[in-house]
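# Architecture and fold: a report
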Amino acid sequence: MLCPKCENKEMETQSVAGIEIDRCPECHGIWLDALELESLLKRDIKPLLEADGQFEAVTRQEGRRLHCPRCKGTYLIKLNSRLRPGTIVDSCTTCFGTWLDAGELTRLAGDDFARLIAKLFGAP
Ligand SMILES: [Zn+2]
Ligand SMILES: [Zn+2]
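Reading the values: rules and limits
- Residues numbered from 1 in each chain as written.
- Chains lettered and ligands numbered in written order.
- Predicted model: local features only at pLDDT ≥ 70, side-chain atom pairs only at ≥ 80, totals over all residues.
- Helix = DSSP H or I, 4+ residues; strand = E, 2+ residues; numbered from the N terminus.
- Buried ≥ 20, exposed ≤ 12 C-beta atoms within 10 Å, placed from the backbone.
- Contact = placed C-beta atoms within 7 Å.
- Pairing = 2+ DSSP bridges.
- Core = buried A, V, L, I, M, F, W, Y, C linked by C-beta atoms within 7 Å.

### Regarding the environment of Arg84
Topologically, Arg84 is positioned in the loop between strand S4 (77–80) and strand S5 (88–91). Overall, the presence of 18 C-beta atoms within 10 Å leaves Arg84 in the partly exposed class. Excluding anything up to four places from it in sequence, Arg84 contacts Leu108 and Gly110.

Below, the structure is given as structure tokens:
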């Protein structure tokens, strides 16, 4: 699968806590299929967060829309993440995949992460 951002760069499949994710070796963005983000945030993904945390999440300049790497010809739209309102992520409304720029996963899994997850998933 090609990186939606770099367009001609093949993403690398990486297994994190038993979940297969696609990560771009060039821009370090992460593609997650539907529900993979929720699954990831429920698990111990420290190594991935450590890798991702080296990057500052920057708000991308407008003007360039990204294509969904899975659905040909479909654009990703910017949605307020329901996991962390205020963080805008690129999502596909066809396959429900999510694109995270480098650093965005770390932002999503921020400091009150545990509390948030407990609330979302009813953990004790
Ligand atoms: Zn890339
Ligand atoms: Zn799609």
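Moving on from the coordinates now.
### Concerning the pairing of strand S2 (residues 19–23)
Where strand S1 (residues 12–16) and S2 come together, 5 bridges link them in antiparallel fashion. What sits directly across from Gln14, in S2, is Ile21. Hairpin connection of S1 to S2: 2 residues between the antiparallel strands, including Ala17 at a positive phi of 50°. Linking two consecutive strands that pair antiparallel, namely S2 and strand S3 (residues 30–32), is a turn of 6 residues; a positive phi of about 65° is found at His28 within it.

### Observations concerning the nonpolar core
If you look at the biggest cluster of nonpolar residues, it comprises 20 residues, and the most contacted ones within it are Ile30, Trp31, Leu32, Leu100 and Leu105. Within the residue set of this core, elements represented by two or more residues are S3, helix H1 (36–42), strand S6 (98–100) and helix H3 (104–108). Among the elements that take part in this core, S3 stands out by supplying 3 residues, more than any other. Excluding residues within four positions of it along the chain, Ile30 makes contact with Ile21, Arg23, Leu100 and Leu105.

### Things to note about the environment of Leu83
Take Leu83: it is sitting in the loop between S4 and S5. For the pair formed by Leu83 and Leu41, sequence separation is 42 residues and the distance between their alpha carbons is 9.4 Å. Look past the residues within four positions of Leu83 in its chain and what remains in contact with it is Leu37, Leu41 and Leu108.

### Some remarks on the pairing of S5
Looking at chain direction, S4 and S5 are connected through 4 bridges and run antiparallel. Bridge assignment links Leu79 to a residue of S5, and that residue is Val89. In this sheet, S6 lies alongside S5 in antiparallel orientation, the contact comprising 2 bridges. When the bridges of S6 are listed, Asp90 appears paired with Trp99. Counting the residues between successive antiparallel strands, the hairpin from S5 to S6 contains 6 residues, one of them, Phe96, with a positive phi of roughly 65°.

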